Amino acid sequence: MSLWVDKYRPKNLGSLSYHGTITQNLQALARSGDFPHLLIYGPSGAGKKTRIYATLNEIFGSQVEKLKIDVKTFVTSSNRKLEFNVLSSAYHLEITPSDMGNNDRVVIQDLLKDIASIEQVDFNNQSSSKTKHRFKVVIINEADSLSRDAQAALRRTMEKYSSNIRLILVCNSISNIIPPIKSRTLLIRIPSPSTEEISSILSHVARKESVKFSSTNEAEINKFLGTLADNSNRNLRKALLSFETVAMQNETIALNNSSLSIINLDWEVLIRNLSVTIRQNRNVATLAKVRVTMYELLSHCIPARTILKTLLFNLLELFTQQTLIEELVDLGSVFDERLSLGQKSIFHLEGFVAKAMVAIDNALS
């Protein structure tokens, strides 16, 4: 049994229910004979990967849905062997080179070179419009986390093997992407869906899954789903997961119970409590407690930049002094940049907390 977020994921561009202009542009690109390199960016839960796979389905057909996981082995210049997971079909590959840290350049150079050196050919049906494309698509996740060396290697690969390979770079922000890559790709921004669009999708899923509500009043149901969409911060994935959680925990959803529409994630509660602790006690003991909490969050695969952003926003809600708010935002931007440049995330997260403590002390004294 699959999660609703996967079960109701649209398989083709025609099934997408929002951002119609973007969908039309992707359809035009898919049907054209000259498919470019793409740089697709936007916030989490906006539907970037869904649109990418729907576009691949438009180009190559349903074969792109038949996925397998391969383990590739790479050797660094120091003769160190690296194992790297690659999700692939007959027509595309999906990789996350940033998982390899500073060795992401090795993955970019070796893997893409091997892929690009082989021409994509289908001998079964030469006349099919779905197989007229003689290139293979490589989806690169978290492109904004690639090192500068890896991005430079990516630029050379795009120039050298453009006849046999098409790259689709996926990221939340393009601020860390070097200009040469931006100039060689078509930039497509996928904004978050509106609250009304998320509410409409939740309503569709509720009908399909025969979710029971305490009232049959359509206005009350829509109000509940709208509140659920609001609390998800326009993140469609989070809204669907939250709705499924509520539906699984309650045989009949009580519409008058407002607490049901608020799903607090454990890591978000942990960071919120941490911000309150920082406000109340700014000392070495608190910093030691912060270190333990940060390690726990990182070990559970919560991205360092997400931790920093969430902690900053929680701190901003606790203070009203304009100068302090401006200083905290400035500190957040400084340490966000350091996170992208450095390797030890815990150092920069602790550094932000220490600097924030000093700023709060100065403002309140």
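Here the structure is a predicted model, which is why all the values come from computation and not from measurement. All residue numbers here refer to positions counted from 1 along the written sequence of the relevant chain. Totals for whole chains, interfaces and linings use all residues, but because this is a predicted model, local features are given only for residues with pLDDT of at least 70 and pairs of side-chain atoms are given and counted only at 80 or more. Only hydrogens and water are set aside; all other atoms, that is, all heavy atoms of the structure, feed into the side-chain values.

### As for helix α2 (residues 20-31)
Here comes step 1: Elements are defined by DSSP. Helices are runs of H or I of four residues or more, strands are runs of E of two residues or more, and each kind is numbered from the N terminus. Given a helix with a known number of residues, its expected span is that number minus one, times 1.5 Å. Helix length check: α2 (12 residues) gives 17 Å between terminal C-alpha atoms against 16 Å at 1.5 Å per residue, within 8%.
Here comes step 2: Whether a residue is buried, partly exposed or exposed follows from its accessible area with a 1.4 Å probe, protein chains only, as a fraction of its type maximum: under 20%, in between, or over 50%, in that order. For α2, the full list of buried residues reads Ile22, Thr23, Leu26, Gln27, Leu29 and Ala30. All buried residues of α2 fall inside an arc of 165° around its axis, so they share one side. Of the residues in α2, the exposed ones pointing more than 90 degrees away from the buried face are Thr21, Gln24 and Arg31.
Here comes step 3: On its buried face, α2 is in contact with β1 (38-41), α3 (48-60) and β7 (186-189). This arc is built from the directions going out from the helix axis to the C-beta atoms. Between two residues, a contact is recorded if the distance between any of their heavy atoms is within 4.5 Å.

### Looking at the nonpolar core
If you look at soluble globular proteins, the nonpolar side chains tend to sit buried side by side.
Here comes step 1: Here, nonpolar core refers to any group of buried Ala, Val, Leu, Ile, Met, Phe, Trp, Tyr and Cys residues whose side-chain atoms link them within 4.5 Å. Leu112, Ile140, Leu154 and Leu167 are the most contacted members of the largest nonpolar core, which has 33 residues in total.
Here comes step 2: Within the residue set of this core, elements represented by two or more residues are β1, β3 (81-88), β4 (92-95), α4 (104-116), β5 (136-140), α5 (148-160) and β6 (165-171).
Here comes step 3: With 7 residues, the top contributor of residues to this core is α4.
Here comes step 4: Here Leu167 is in contact with His37, Leu38, Leu112, Val138, Ile140, Leu154 and Met158, once residues within four sequence places are set aside.

### Some points on the sheet that holds β7
Here comes step 1: Any two strands with at least two DSSP bridges between them are considered paired. The sheet built from 7 strands is open, its strands ordered β2-β3-β4-β5-β6-β1-β7 with mixed pairing. At either end of the open sheet lies a strand with only one pairing partner, and these are β2 (68-75) and β7. Geometrically, the sheet is characterised by an average inter-axis angle of 25° between neighbouring strands, direction not taken into account.
Here comes step 2: For every element, the axis is a line fit to its C-alpha atoms; helices are fit only across the contacting stretch, and the angle between N-to-C directions ranges from 0 to 180 degrees. Sitting on the sheet, α2 touches β1 and β7, and the angle it makes with β7 is about 150°.
Here comes step 3: Strand contacts of α3: β1, β3, β4, β5 and β6, with the helix running at about 160° to β6, the strand carrying the most contacts.

### Examining the packing of aromatic side chains
For any two aromatic rings, the description comes down to two numbers: the centre-to-centre distance and the angle of the planes.
Here comes step 1: Here the aromatic set is Phe, Tyr and Trp, taking the six-membered ring for Trp, and pairing holds for ring centres within 6.5 Å; pairs whose planes are under 30 degrees apart are stacked, those over 60 apart are edge-to-face, and all others are tilted. Tallying each qualifying case throughout the model produces 6 aromatic pairs.
Here comes step 2: Seen in terms of ring centroids, Phe60 and Tyr91 are 4.9 Å apart; in terms of plane orientation they differ by 15°. Their pairing is stacked. In this pair, Phe60 is assigned in helix α3 and Tyr91 in the loop between β3 and β4, connecting sequence segments 31 residues apart.
Here comes step 3: Judged by its relative accessible area of 9%, Tyr91 falls in the buried class.
Here comes step 4: Relative to Phe352, the ring of Phe335 has its centre 6.3 Å away and its plane inclined at 70°; by these criteria the two rings are edge-to-face. Of the two residues, Phe335 sits in helix α13 (residues 322-341) while Phe352 sits in helix α14 (residues 345-364), which places them 17 residues apart along the sequence.

### Quick look at the pattern of salt bridges
Charged atoms that come close allow side chains of opposite charge to pair.
Here comes step 1: The salt bridge definition used is simple: a Lys or Arg side-chain nitrogen within 4 Å of an Asp or Glu carboxyl oxygen. According to the stated counting rule, one finds 8 salt bridges in the structure shown.
Here comes step 2: Between Glu94 and Lys49 there is a salt bridge, and its shortest N-O distance comes to 2.6 Å. Residue Glu94 is located in strand β4, and its partner Lys49 is located in helix α3; the two are separated by 45 residues in the primary sequence.
Here comes step 3: Overall, Glu94 belongs to the buried group, its relative accessible area being 10%.
Here comes step 4: Under the relative-accessibility criterion, Lys49 is labelled partly exposed at 26%.
Here comes step 5: The salt bridge involving Glu268 is made with Lys238; its shortest N-O contact spans 3.3 Å. Taken as a pair, Glu268 in helix α10 (residues 266-280) and Lys238 in helix α9 (residues 236-249) lie far apart in primary sequence, 30 residues in all. Across this residue pair, the class does not change: Glu268 and Lys238 are buried.

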